[in-house]
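Notes for the structure review
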Amino acid sequence: MASSKPRKCSSLRCRLQFPILTQTKQTTSDTDYIANRLLKNTGKATWIAGTTFLILVVPLIIEMDREQQP
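Residues numbered from 1 in each chain as written. Predicted model: local features only at pLDDT ≥ 70, side-chain atom pairs only at ≥ 80, totals over all residues. Heavy atoms only, no water.

1. Describing the overall build of the chain
- When its secondary structure is counted, the chain shows two helices and zero strands.
- Here the chain holds 70 residues, and the buried ones make up 1% of them.
- When the accessible surface of the chain is totalled, it reaches about 7200 Å², and 64% of it is carbon and sulfur. (Helix = DSSP H or I, 4+ residues; strand = E, 2+ residues; numbered from the N terminus. Buried < 20%, exposed > 50% of the residue type's maximum accessible area, 1.4 Å probe, protein only. Areas by Shrake-Rupley, 256 points an atom, 1.4 Å probe, with all protein chains shown as cover.)

2. Notes on the UniProt feature "transmembrane region" (unreviewed entry) in the chain
- Under the local residue numbering, the UniProt record ascribes the feature "transmembrane region" (unreviewed entry) to residues 45-62.
- Secondary structure across residues 45-62 divides into 100% helix and 0% strand, with the first and last C-alpha atoms of the span separated by 25 Å. (UniProt positions renumbered as here; feature names shortened; annotations may be inferred.)

3. A few points about the pattern of salt bridges
- This structure, assessed with the given rule, holds one salt bridge.
- Residues Glu63 and Arg66 are paired through a salt bridge, measuring 3.9 Å at the closest nitrogen-oxygen approach. Residue Glu63 and its partner Arg66 are located together in helix H2 (residues 19-68), separated by three residues, close to a single helical turn.
- The partly exposed category is assigned to Glu63, whose relative accessible area is 39%.
- Residue class for Arg66 comes out exposed when judged on its relative accessible area of 55%. (Salt bridge = Lys/Arg side-chain N within 4 Å of Asp/Glu carboxyl O.)

Given below as structure tokens:
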């Protein structure tokens with residue numbers, strides 16, 4: 001019975017025949033790494049901004065609202 005698995009290309013000759021595949025895989029890997037780092041750092045920045053807003057700005061808004069009430 002014949003195997004239906006695709007043949008893997010692991011020889012040097014095969015890799016030299018398709019340099020665009022190697023370059024595409026590397027570019028995809030780099031893009032994935034950058035996207036993950038960006039999401040991680042954006043999440044940290046969002047947490048810092050949100051916490052700062054709650055601690056500094058919300059009490060200010062509440063106090064300004066109290067001053068405006070008769």
